[in-house]
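Reading the structure
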Amino acid sequence: MSEAIYQAFVSIGWWEILVTMCNTLITFAIIKKFLFKPVRKMLAAREEEVQAMYGNAEKAQTEAEQMRSEYTQRLAKAKEEAAEIVGSATRRATVRSEEILKESSQQAAAMMKKAENTIEQERKKAMNELKDEVASLSVMIASKVVERDVKEADHERFIEEFIDKVG
């Protein structure tokens with residue numbers, strides 16, 4: 001009996017092989033339908049999601065690069081504008097300082113001219129006063145010497161002649 005059990009255990013039955021193969025194919029078909037397809041769909045969805053993330057990351061990187069270049073351009077433009085403003089202010093300051101120097105030079109020249117005119121007028125006034133004093137002294141001296149009164153017109157004529165000779 002043990003041989004019958006052994007033979008039943010070790011023997012190959014074609015029906016059993018066929019049933020086992022059919023069971024394996026049915027199991028494979030069921031697994032394929034209910035397991036492989038959902039797993040593949042999930043993997044495809046995950047792959048699409050990853051691709052979308054990569055696409056968004058590339059798009060964000062492109063936008064960041066574009067924004068950085070715009071920022072760099074704006075910064076360069078702002079620096080140029082600042083340099084223009086500083087240059088313009090410097091030119092205006094230079095022009096204004098030249099105007100102020102010119103005005104002050106003109107004012108100084110006018111003051112010098114006015115001072116020279118005042119000095120000239122004072123000199124003429126002093127000369128006239130000196131002439132008048134010399135004339136009155138001359139009249140006094142002449143009246144003492146001659147002991148007579150000299151007429152005013154004669155006196156002025158004498159003074160003019162005296163001053164012309166003296167210089």
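Residues numbered from 1 in each chain as written. Predicted model: local features only at pLDDT ≥ 70, side-chain atom pairs only at ≥ 80, totals over all residues. Heavy atoms only, no water.

Turning next to the overall build of the protein chain. Of the regular secondary structure elements, the protein chain holds three helices and zero strands. Ordered by position from N to C terminus, the α and β elements of the protein chain give α-α-α. Within the protein chain, the fraction of its 167 residues that count as buried is 3%. When the accessible area of the protein chain is evaluated, it comes to approximately 15,600 Å², of which 62% is carbon and sulfur surface. (Helix = DSSP H or I, 4+ residues; strand = E, 2+ residues; numbered from the N terminus. Buried < 20%, exposed > 50% of the residue type's maximum accessible area, 1.4 Å probe, protein only. Areas by Shrake-Rupley, 256 points an atom, 1.4 Å probe, with all protein chains shown as cover.)

Per the counting criterion, the structure on display carries one aromatic pair. Ring centres of Phe28 and Phe36 lie 6.4 Å apart, and the angle between their planes is 65°; on these two criteria the pair is classed as edge-to-face. A residue is classified by how much of its surface remains accessible, and Phe28, at 48% relative accessible area, is partly exposed. (Phe/Tyr/Trp six-rings, centres within 6.5 Å; stacked < 30°, edge-to-face > 60°.)

Moving on, we come to the pattern of salt bridges. For the structure shown, the criterion picks out four salt bridges. Here Glu65 and Arg68 are joined by a salt bridge, their closest N and O atoms 3.1 Å apart. Residue Glu65 and its partner Arg68 are located together in helix 2 (residues 14–146), separated by three residues, close to a single helical turn. A salt bridge links Glu120 to Arg123; the nearest nitrogen and oxygen atoms lie 2.5 Å apart. Within this pair, Glu120 and its partner Arg123 are both found in helix 2, separated by three residues, close to a single helical turn. Looking at Arg123, the relative accessible area reads 45%, which means it is partly exposed. (Salt bridge = Lys/Arg side-chain N within 4 Å of Asp/Glu carboxyl O.)

Once that is clear, we can look at a positive patch on the surface. The grouping of Lys32, Lys33, Lys37, Arg40 and Lys41 at the surface amounts to a positive patch. Mapping Lys37 onto the fold places it in helix 2. Lys37 gets classed as partly exposed once you look at its relative accessible area, which sits at 46%. (Patch = residues over 30% accessible without salt bridge, like charges linked within 9 Å, V, L, I, M, F, W, Y side chains within 5 Å. Lys, Arg positive; Asp, Glu negative; His and termini not counted. Charge placed at Lys NZ, Arg CZ, Asp CG, Glu CD.)

Take the confidence of the model for the protein chain next. For the protein chain, mean pLDDT is 84; residues scoring 70 or higher make up 86% of the total. Within the protein chain, helix 1 (residues 2–10) has the poorest average pLDDT of any element, 66, and helix 2 the best, 88. (pLDDT = per-residue confidence, 0-100.)

Below, the discussion takes up a nonpolar patch on the surface. There is a patch of nonpolar side chains on the surface, built from Phe28, Ile31, Leu35, Phe36, Val39, Met42 and Leu43 and spanning about 650 Å² of accessible area. Tracing the backbone through its elements, the reader meets Val39 in helix 2. Given a relative accessible area of 33%, Val39 falls into the partly exposed group.

The next point concerns a negative patch on the surface. Taken together, the side chains of Glu122, Glu129, Asp132, Glu133, Glu152, Glu156, Glu160 and Asp164 define an acidic patch exposed on the protein surface. Sorting the residues of the negative patch by element identifies helix 2 and helix 3 (152–166) as the ones contributing at least two each. Examined against the element boundaries, Asp132 turns out to sit in helix 2. The exposed category is assigned to Asp132, whose relative accessible area is 55%.

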